[in-house]
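Overview (structure and organization)
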Amino acid sequence: MEASAEPGNLAGVQHIILVLSGKGGVGKSTISTELALALRHVGKKVGILDVDLCGPSIPQMLRAQGRAVHQCDSGWVPVFVDQEQSISLMSVGFLLEKPDQAVVWRGPKKNALIKQFVSDVAWGQLDYLIVDTPPGTSDEHMAAVDALRPYSPLGAILVTTPQAVSVGDVRRELTFCRKTGLRVIGIVENMSGFVCPHCTECTNIFSRGGGEELARHAGVPFLGSVPLDPQLTRSLEEGQDFIQEFPQSPAFSALSAIAQKILDETPAQRS
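Here's a quick rundown of the structure. No experiment lies behind these values; they were computed from the predicted model shown. Residue numbering note: each chain is counted from 1, following its sequence as written. Restriction of local features to residues with pLDDT of at least 70 applies here, the model being predicted, together with a cutoff of 80 or more for giving and counting side-chain atom pairs; totals for whole chains, interfaces and linings are based on all residues. Excluding hydrogens and water, the side-chain figures rest on all heavy atoms present in the structure.

1. Section: the overall build of the protein chain
Scanning the protein chain from N- to C-terminus turns up nine helices and 11 strands. Taking 2.2 N^0.38 as the reference for a compact globule, 271 residues should give roughly 18 Å; the C-alpha atoms of the protein chain span a radius of gyration of 18 Å, in line with that estimate. When its C-alpha atoms are laid out on the principal axes, the protein chain stretches across 55 × 45 × 40 Å. The burial tally for the protein chain puts 54% of its 271 residues in the buried class. By element, 49% of the accessible surface of the protein chain is carried by carbon and sulfur atoms, the whole surface being about 12700 Å². Think of it this way: Lys and Arg go in the positive column, Asp and Glu in the negative one, and His and the chain ends go nowhere. Where a charge lies is defined by one atom per residue type: Lys uses NZ, Arg uses CZ, Asp uses CG and Glu uses CD. Both charge centroids of the protein chain, one from 23 positive and one from 29 negative side chains, sit 5 Å from each other. The helix and strand labels rest on DSSP assignments: H or I over at least four residues marks a helix, E over at least two residues marks a strand, and numbering proceeds from the N terminus. Between the two quantities, the radius of gyration covers C-alpha atoms and the globule rule is 2.2 Å times the number of residues to the power 0.38. Exposed residues in this analysis have more than 50% of their type's maximum accessible area, buried residues have under 20%, and partly exposed residues fall in between, with area computed by a 1.4 Å probe over protein chains only. Method for areas: the Shrake-Rupley scheme with a 1.4 Å probe, in which residue coverage is limited to the protein chains shown.

2. Some words on the pattern of salt bridges
The term salt bridge refers to a pairing of a side-chain nitrogen on Lys or Arg with a carboxyl oxygen on Asp or Glu at a separation within 4 Å. For the structure on display, the rule yields six salt bridges. We note a salt bridge from R40 to D82, for which the minimum N-O separation is 2.7 Å. With R40 in helix α1 (residues 28-40) and D82 in the loop between β5 (79-80) and β6 (87-91), this pair connects stretches of sequence that are 42 residues apart. Accessibility classification places R40 together with D82 in one group, the buried group. In this structure, the salt-bridge partner of R172 is D169, at a minimum N-O distance of 2.2 Å. Of the two residues, R172 and D169 both sit in helix α5 (residues 164-180), three residues apart, roughly one turn of that helix. Judged by relative accessible area, R172 falls into the exposed class, the value being 53%. Residues joined by salt bridges that share partners form a network here, namely R40, D82 and D241.

3. Describing the environment of G22
Examined against the element boundaries, G22 turns out to sit in the loop between β1 (13-20) and α1. As for G22 and V167, which are separated by 145 residues in sequence, their C-alpha atoms are 8.7 Å apart. We call two residues in contact when some of their heavy atoms are within 4.5 Å. Those residues in contact with G22 that sit more than four places away from it in its chain are P135, G136, D169, V170 and E173.

4. Concerning the side chain of S249
Within the fold, S249 resides in the loop between α8 (242-245) and α9 (250-265). Within the structure, S249 has its side chain in polar contact with the side chain of D229 (distance 2.2 Å). In this view, S249 contacts D229, Q231 and F242; residues no more than four positions away in its chain are not counted. Polar contact is the term for a pair of N or O atoms within 3.5 Å; when the atoms are in protein, one must be able to donate a hydrogen and the other to accept it, and sequence-neighboring residues count only if both atoms are side-chain atoms.

Now the structure itself:
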């Protein structure tokens, strides 16, 4: 029955965005979380599907850990992270008995859960569904792309850090997108400089410009650079809304500009 590609629980979702990177530790979950918050603050309803099954960190970033997932007639009800129910979240972290429990699964079991997340979560009406993925181009990525492919428009944001090693891995992720037919919405360079908490001057600790250069060579949009910011780190650890709490931060202006570019690249559909 799933082969018929009926819209089902994704019928009310206007845009689906996968957040990808060939490299671990570049901040995909950070970008996914802050992008959802930035879109929420311009009036959009956003869902986050966390398919990083071995490292589900978004529940903590949104102060939603320990919440229970309930059932309804349409399937699983996602966890709403705010009273207005403008951000909803589904993660394997909600299904574990203990937060430090390891997910020791082989590929077929991971793939089955991802397909179940896609088909059985009752998202309702969403402007954007953001899919946070693990690093690489492995089983989880193929399962997510294959399961979501019938529900266009489907696009990808690639996250890198400035260093050449990270940029090289993301270049392979671009190849993955081309082979699977994923439209690349753009590239984000994360950890692009360090913002001093005292004088707010930005220092390029690693390097700068690798993501922008990669975007130029690949012929895809460059969405922007996000600096390292202690306030951003603290807000993620404490589950605060960085977009609301720190509007004077350089990272705020960078994230807001990235969100606006994504809005421009993904115009609202007519019903």
